[in-house]
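The chain contents come next:
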There are 2 protein chains.
Amino acid sequence: MSSTSHLFSSRAEHRAWLAANAALPRGFRVGTTRFDFMPFEVPKPAKMTVTLIALDQPTADFAAMFTKNAFPGAPVIVGRNRLAQPRLGAIIVNNKISNVCAPGGVDTSERLCAATAQALGLAATEVLPSSTGVIGWRLPADQMIAALPQAVATLKPGSILPAAEGIVTTDLYPKIRRADLAGGSIVGIAKGAGMIEPNMATMLVYVLTDLAVPRDTLRTILARAVDRSFNRMSIDSDTSTSDTVVLLSSGAVPCPDLAAFEAALTTVCCDLAEDVARNGEGVRHVIRVTVKGAPTENTARAIGKSVVNAPLFKCAVAGNDPNVGRLVQAVGKYVGACEPGIPLGRTCMSMGGIPIVANGEFALDPTKEAALIAHMKAAELYASAEPKDGVYSPPVDFPPHERCVEVEIDLGAGAASATVIGADLTHEYVSENADYRS
Amino acid sequence: MSSTSHLFSSRAEHRAWLAANAALPRGFRVGTTRFDFMPFEVPKPAKMTVTLIALDQPTADFAAMFTKNAFPGAPVIVGRNRLAQPRLGAIIVNNKISNVCAPGGVDTSERLCAATAQALGLAATEVLPSSTGVIGWRLPADQMIAALPQAVATLKPGSILPAAEGIVTTDLYPKIRRADLAGGSIVGIAKGAGMIEPNMATMLVYVLTDLAVPRDTLRTILARAVDRSFNRMSIDSDTSTSDTVVLLSSGAVPCPDLAAFEAALTTVCCDLAEDVARNGEGVRHVIRVTVKGAPTENTARAIGKSVVNAPLFKCAVAGNDPNVGRLVQAVGKYVGACEPGIPLGRTCMSMGGIPIVANGEFALDPTKEAALIAHMKAAELYASAEPKDGVYSPPVDFPPHERCVEVEIDLGAGAASATVIGADLTHEYVSENADYRS
């Protein structure tokens, strides 16, 4: 999936790499502001960052995909309406509160768009809103509007890094991926971390390009790229109410080759999806499952999802424990419940290239056991550190490598295949989500 | 769901309650034996218990349901074949190794049945095998057969407790439920703990009755009872490859009222299902979700399952954290992905009787927040104890109460309802499944 395989020995080195890849495409500026506020529901001091992504000129060429969760956030409701508008000129994103099922949520989102539009000389319908954070709480709209001039004042071209840092919540590090082609570029950022099994869209992702691609083509291409990237990834099987992917083209550079554009966009999206998994809440191992020999691509993807969402297999990987019976369980669970007609007698499986199942039967021995443990240890992002006051926290805040636990499943029952990205289930995930209010 | 609400202050008190409810129906005997052995795959010393459940006379009146997992264990394959046999006389159960996808697994299971049959004066096809434990490993058949005479020597009527204790793996305590009616009884035992989201069957459950119910009726009634009990429960969304429910009737007592029999059997199954959840790996809170106002009972059940299987909601409950946004997410995830036509604008939700969502919008305040925390704390089975060498273990080995975190969801979109039982996601679950090989 990933086109790259980096190693970083420190946060400074990772940050330097991000900065080297952060150049904004032509025609865009980003700005941010951060302020303290008091939530209405739980009166404990909190901080919010507001991020602006602005085009020098509003564009007709924009695309967006949203969560399929049936309780969408107010910004998702507003964003879906924006798809019918002739032009988009800016995006306003806040973290900390997601504005989902909150009283008056849609009005609040529209008010923020109108204030942003006024500050930038746009129509309110030319602004797309995004919010991420606690579900159910109300946005502090007055304070957000009061903070807008500061965000506008920081708008500048050059680097997307301030936006990549502004949109995060529990993420450990900002995520930026780029592709340069035909004298232009495609640059994407992502907010991820938890409540992540995208469905037709994902988390918050903003992809900017100066390559000129007309709106309808842009939307078709984005749908395909999302299907091959964010929709093949799961941190915890939970689908956020706020998932949003936006793709904006400033049109500053002619696009001579749509196929090359689509390939580059797909790579950017796949790399970001893997970044989101690698930076998932408490993730210590990224798991890549390739399912081959399936009757259809949808079946291959569903089996891959069943594996990366099986809590017992995820726990085994967390513990570097080659409990491969749990892998077989996860495949059989999906097939038995959803497609019982698929024969599994020719199924072969391997992990880290080590064969473990042949024609539906295990072939295990102590030597393989040791090799499987070594493969999982090599893919560990960090070793669990002793908990402080009972809370486990990741001891590093940068991705030290881009290796995965590699699982290959060949059903021997067709010609279709798919690759799915997931993660382990760790004490750090439980600490992040049970030991204190995120 | 549960017909009872017990409090126990010690393991001794719980054990006395179990003993008081353990009387076997007429016509049955149970026996066990325990021995040391060395697994082929990972040569580390291990212990296995073999449990026998025997009828005084083989019966034609037996029913069984099995996992839908498409990689069923060898005993499940053999057990399915037994359904066509005229009579059943005994069940042989072992723990530690589940005999799933192991080379020669079916032959090994048949060999064990033949040896058991010979020792009991039965035909091999009159013995049903069950195995639970590590997937993929081979059974130590020679040692099991050598241990059989000892198990046969311990066979006696009176108490089912030895069998309830013999079949467990990582369970904290044995599980027995009974109903007495019409001069006879229905007595069930269960092995549970992890890899549990039954599908058409469940874990290992053996229900014995002396009430005479003919085979076909028994099978129809068992299917309905399983559908209303074990198939509405999930510990971790994983479906074991060995799930088995068996119901045997010795026919020693006439059954004057089939409806009363079905009601009593359903209660025994529901109670056992709740016991299995309460004794699930690392479970600190049992969660009971009632979904009302649904278009169909299947939809109500699926939404309940989506809630009890949502990792983020499970973590929030583990932390006594009223993060009710995660509850809304779980409902919207299912509806958006599977039944997007269901309108959610009239949805109301409560937790512990405290209203939190009305007509699709949150109604939260600091007072409710405190009441929600109090409700969750009251339903906690035990407080997390400081980990030893990084491993969290439950500090109690008996169920101190039978309270649940009570969630009610009224979709306002129909007349159907269903109740689903689940559990939280804790450090103890991760320790059990990641910190050492189970």
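Scoring rules and cut-offs
Residues numbered from 1 in each chain as written. Chains lettered and ligands numbered in written order. Predicted model: local features only at pLDDT ≥ 70, side-chain atom pairs only at ≥ 80, totals over all residues. Helix = DSSP H or I, 4+ residues; strand = E, 2+ residues; numbered from the N terminus. Rg over C-alpha atoms; globule rule 2.2 N^0.38 Å. Buried ≥ 20, exposed ≤ 12 C-beta atoms within 10 Å, placed from the backbone. Contact = placed C-beta atoms within 7 Å. Least-squares fit on C-alpha atoms with pLDDT ≥ 70 in both. Nonpolar A, V, L, I, M, F, W, Y, C, P; charged D, E, K, R; others polar. Core = buried A, V, L, I, M, F, W, Y, C linked by C-beta atoms within 7 Å. Pairing = 2+ DSSP bridges. Axes fitted to C-alpha atoms, helices over the stretch in contact; angles between N-to-C directions. Parallel < 35°, antiparallel > 145°, perpendicular 65-115°, else oblique. Left-handed = near helix turned anticlockwise from the far one by under 90°. Domains from an automatic or database assignment.

Enquirer: I'm lost on the overall build of chain A in this one. Help?
Expert: Per the secondary structure count, chain A includes 12 helices and 15 strands. Against the globule reference of 22 Å for 438 residues, chain A gives a C-alpha radius of gyration of 22 Å, in line with a compact fold. Counting only C-alpha atoms, chain A reaches 70 × 55 × 40 Å along its principal axes. Within the span of chain A, comprising 438 residues, buried residues form 60% of the whole. When contacts within chain A are restricted to residue pairs at least 6 apart in sequence, long-range pairs at least 24 apart make up 80% of them.

Enquirer: What exactly am I supposed to notice about the relation of the copies chain A and chain B here?
Expert: Two chain copies, one operation linking them: a rotation about an axis together with a shift along it. The transformation that overlays chain A on chain B combines an axial shift of 0.0 Å with a rotation of 180 degrees, and the residual RMSD is 0.0 Å. Between the two chains, the operation in question is that of a two-fold axis. Minimal C-alpha distance to the rotation axis in chain A is attained by histidine 427 of chain A, lying at 2.9 Å. Both copies share a contact surface, since 100% of the interface residues of chain A are interface residues in chain B too.

Enquirer: Sorry if this is basic, but what is going on with the interface of chain A and chain B here?
Expert: By a frequent convention, interface size equals the accessible area lost on bringing the separate parts together. Taken residue by residue, the interface counts 60 residues in chain A and 60 residues in chain B. Elements with a contribution of two residues or more to the side of chain A that touches chain B: helix H9 (311-318), helix H10 (325-338), strand S13 (361-362), helix H11 (366-378) and helix H12 (427-435) of chain A. Counting residues per element, the side of chain A that touches chain B draws most heavily on H10 of chain A, at 9 residues. The class makeup of the residues in the side of chain A that touches chain B is 31 nonpolar, 18 polar and 11 charged.

Enquirer: It is not clear to me how the nonpolar core should be interpreted in this structure. Could you clarify?
Expert: A general trend in soluble globular proteins is that nonpolar side chains are found buried together. Ala90, Val307 and Val331 of chain A together with Ala90, Val307 and Val331 of chain B are the most contacted members of the largest nonpolar core, which has 273 residues in total. Setting aside its immediate chain neighbours within four residues, valine 331 of chain A contacts Ile303, Ser306, Val307 and Ile409 of chain A together with Phe71 of chain B.

Enquirer: Would you mind showing me how to read the sheet that holds strand S8 (residues 204-212) of chain B here?
Expert: Strand pairing in a sheet relies on backbone hydrogen bonds, with the paired strands running either antiparallel or parallel. Residues and elements named next belong to chain B. Read from one edge of the open sheet, 5 strands run S3-S9-S8-S7-S6, paired in mixed fashion. One side of each edge strand has no neighbouring strand; the edge strands of this open sheet are strand S3 (62-66) and strand S6 (175-181). The mean angle between the axes of side-by-side strands here comes to 10 degrees, regardless of whether they run parallel or antiparallel. Sheet topology note: the S8/strand S9 (residues 244-254) ladder contains 8 bridges and is parallel. By the bridge assignment for S9, tyrosine 206 is matched with valine 246. Running over the sheet, helix H2 (residues 74-82) touches S3 and S9 and is turned about 145 degrees from S3.

Enquirer: Even after reading the chapter, I still don't get the sheet that holds strand S4 (residues 88-94) of chain B, so can you show me in this structure?
Expert: Residues and elements named next belong to chain B. Pairing within the open sheet is mixed, and its 4 strands lie in the order S1-S2-S4-S5. Every other strand in the sheet has two partners, leaving strand S1 (28-37) and strand S5 (127-131) as the edge strands with one partner each. On average, each strand axis in the sheet is inclined to that of its neighbour by 15 degrees, with strand direction left out of account. In this structure, strand S2 (residues 46-59) lies alongside S4, joined through 6 bridges in antiparallel fashion. Paired with threonine 51 across the bridge in S4 is valine 93. Strand contacts of helix H4 (residues 141-153): S1, S2 and S4, with the helix running at about 140 degrees to S1, the strand carrying the most contacts.

Enquirer: Please clarify how the environment of alanine 19 of chain B should be interpreted in this entry.
Expert: All names here are of chain B. For alanine 19, the location among the structural elements is in helix H1 (residues 11-20). In this structure alanine 19 comes out as exposed when scored by C-beta crowding, with 12 C-beta atoms within 10 Å. Once residues within four sequence positions are removed from consideration, alanine 19 is found in contact with Ser159 and Leu161.

Enquirer: Mind showing me how you'd approach the packing of H12 of chain A against helix H9 (residues 311-318) of chain B here?
Expert: When two helices pack together, their arrangement is given by the angle between the helix axes and the distance between those axes. For the pair H12 of chain A and H9 of chain B, the least separation of the axes is 7 Å and the interaxial angle reads 65 degrees. Classified by the angle between their axes, H12 of chain A and H9 of chain B sit roughly perpendicular to one another. Relative to H9 of chain B, H12 of chain A is oriented so that their crossing is right-handed. Each of Val430, Asn433 and Ala434 of chain A in H12 of chain A lies in contact with H9 of chain B, whose residues at this interface are Leu312, Cys315, Ala316 and Ala318 of chain B.

Enquirer: What is the right way to look at the domain arrangement of chain A in this model?
Expert: Residue and element names in this part refer to chain A. Assigned domains within chain A: domain 1 (11-278) and domain 2 (286-435). Listed by partner, the interface residues are 15 residues for domain 1 and 18 residues for domain 2. Breaking the side of domain 1 that touches domain 2 down by element, the ones donating at least two residues are helix H1 (11-20) and helix H7 (258-278). Examining the composition of the side of domain 1 that touches domain 2, we find that 4 residues originate from one element, H7, more than from any other. Taken together, the residues of the side of domain 1 that touches domain 2 break down into 6 nonpolar, 5 polar and 4 charged.

Enquirer: Where do I start with the packing of helix H6 (residues 215-227) of chain A against H7 of chain A in this structure?
Expert: Residues and elements named next belong to chain A. Where H6 meets H7, the axes come as close as 9 Å, and the angle between the chain directions of the two elements is 40 degrees. The orientation of H6 relative to H7 falls into the category oblique. Pair H6 / H7 crosses with right-handed handedness. In contact with Thr217, Ile221, Arg224, Ala225 and Val226 of H6, H7 contributes Leu258, Glu262, Leu265, Thr266 and Cys269. Taken together, the residues that form the contact of H6 with H7 break down as 6 nonpolar, 2 polar and 2 charged.

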